[in-house]
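Commentary on secondary and tertiary structure
Residues per chain are reported as follows:
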Amino acid sequence: MIYKSYLAPIDEYSDFAFRLLCQRHGADATCIPLVNSMAIVQGKLSIVDAKEKERNLGVQIVGNDPKIIGKACEIISMEKPFLSWFNLNCGCPSSRTMDSGGGSAMLAYPKKISQALSEMKKKVDKPVSVKIRVKTNRKYTIKLCKELVKTEIDSIILHGRTPKQGYSGKADWELIRAVSSEVDIPIIGNGDIVSLSQGKGYVEDGYCDSFMVGRAAMSNPMLFSDEKPESFDDKIKLLEEYVEIHRKYSEPSVKHVRSKAINFLSGVDWAAKLRNSLSRAKSVVEILTMIEKQAEENP
Ligand SMILES: Cc1cc2nc3c(=O)[nH]c(=O)nc-3n(C[C@H](O)[C@H](O)[C@H](O)COP(=O)(O)O)c2cc1C
């Protein structure tokens, strides 16, 4: 069984150090989240958060103009030739993304998605995929996927929820299975996976060809090797590992470390109390000291 475990793109969270941490703990592939195609083409944005050491690193493009999307991919592939794959975001349900016609707003325009994917295929010689959510129901989602396959993309990442659902309810894995059986390219299933064995189980049982994990990895990057940080010591070690990876390149920001601390320490009963004080921390050292101090006071 050949499959890949993917860390999902997580805007404002899955930075290079977090991706490398997940890679170290077993993730086969990761992805730079939500890169605005227009900003790339206008020269207002360039990708700095990508390191050559990252294995199977993809980049996710967002936009709604096929030519601009293709051009952005061309620019990015020249600037970062080590990127392994390109992805088009047609799943983001946030109003910020949808109001400009990108993300899941694209689901209403299959032709436009196809044009964008064709442009991407033309401009880069790396695998191209699309990340979508369920389009209303099983029938329309299968129809959409069959249409997109015609562009000769390499895979489809399918989150088993509609945009309207946001993150409520459960991902519809039966729908993901139905799409897999009807569509001839690899389907990367996504939604509610909490462990490597659960993801592998979906592959073994024919639900998908590979799988992607988002929220569960935010608090447990070790899940990609089916491990879990149980004790406070395990959790703080992970945070230190994140900081150490980051520091090999640059000093991490307080914002980055704070969000990792809050997520990695989830499950520690006194950690919730720490949230407020962490928001006042002015440096990474201060964050780590605050945590150590709390740990000493709550043995
Ligand atoms: C905070 C947050 C940020 C996200 N950012 C992105 C993003 O930039 N691009 C994207 O395609 N999906 C994004 N997602 C969706 C995830 O990639 C994933 O599809 C979703 O969380 C379902 O998987 P999960 O149940 O394993 O979390 C985000 C999700 C969360 C919770």
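Residues numbered from 1 in each chain as written. Predicted model: local features only at pLDDT ≥ 70, side-chain atom pairs only at ≥ 80, totals over all residues. Heavy atoms only, no water.

It is worth spelling out the pairing of strand β3 (residues 57-62) at this point. By the criterion of burial, β3 is predominantly enclosed, with six of the six residues buried. Residues Leu-57, Val-59 and Ile-61 point to one face of β3 and Gly-58, Gln-60 and Val-62 to the other, with burial holding for every one of them. Bridge count between strand β2 (residues 30-36) and β3: five bridges; the pairing is parallel. By the bridge assignment, Thr-30 is partnered in β3 with Leu-57. Looking at chain direction, β3 and strand β4 (residues 85-90) are connected through four bridges and run parallel. Bridge pairing in β4 links Ile-61 to Leu-88. (Buried < 20%, exposed > 50% of the residue type's maximum accessible area, 1.4 Å probe, protein only. Helix = DSSP H or I, 4+ residues; strand = E, 2+ residues; numbered from the N terminus. Pairing = 2+ DSSP bridges.)

For the protein chain, the assigned domains are domain 1 (5-225) and domain 2 (232-297). Contacts between the two partners involve 16 residues from domain 1, matched on the other side by 15 residues from domain 2. Across the domain 1 to domain 2 interface the summed buried area is about 1,400 Å²; carbon plus sulfur atoms make up 64%. If you sort the residues of domain 1 by the area they bury against domain 2, Tyr-13, Leu-21 and Arg-24 come out on top, with a joint share of 32%. On inspection of domain 1 and its partner domain 2, the count reaches three salt bridges. Residue Arg-24 is joined to Glu-241 by a salt bridge in which the shortest nitrogen-to-oxygen separation is 2.9 Å. (Domains from an automatic or database assignment. Contact = heavy atoms within 4.5 Å. Buried area = accessible area lost by both parts, 1.4 Å probe. Salt bridge = Lys/Arg side-chain N within 4 Å of Asp/Glu carboxyl O.)

Evaluation of the coordinates by the stated rule reveals 17 salt bridges. In this structure, Arg-24 and Glu-244 form a salt bridge, with 3.3 Å as the shortest nitrogen-oxygen distance. Of this pair, Arg-24 sits in helix α1 (residues 16-24) while Glu-244 sits in helix α10 (residues 232-247), placing them 220 residues apart in sequence. Note that Arg-215 and Asp-192 form a salt bridge whose closest N and O atoms lie 3.0 Å from each other. Of this pair, Arg-215 sits in helix α9 (residues 215-219) while Asp-192 sits in the loop between β7 (187-190) and α8 (196-204), placing them 23 residues apart in sequence. The exposure class assigned to Arg-215 is partly exposed, which follows from its relative accessible area of 42%. Under the relative-accessibility criterion, Asp-192 is labelled partly exposed at 31%. Through salt bridges with shared partners, a single network forms among Arg-24, Glu-241, Glu-244 and Lys-248.

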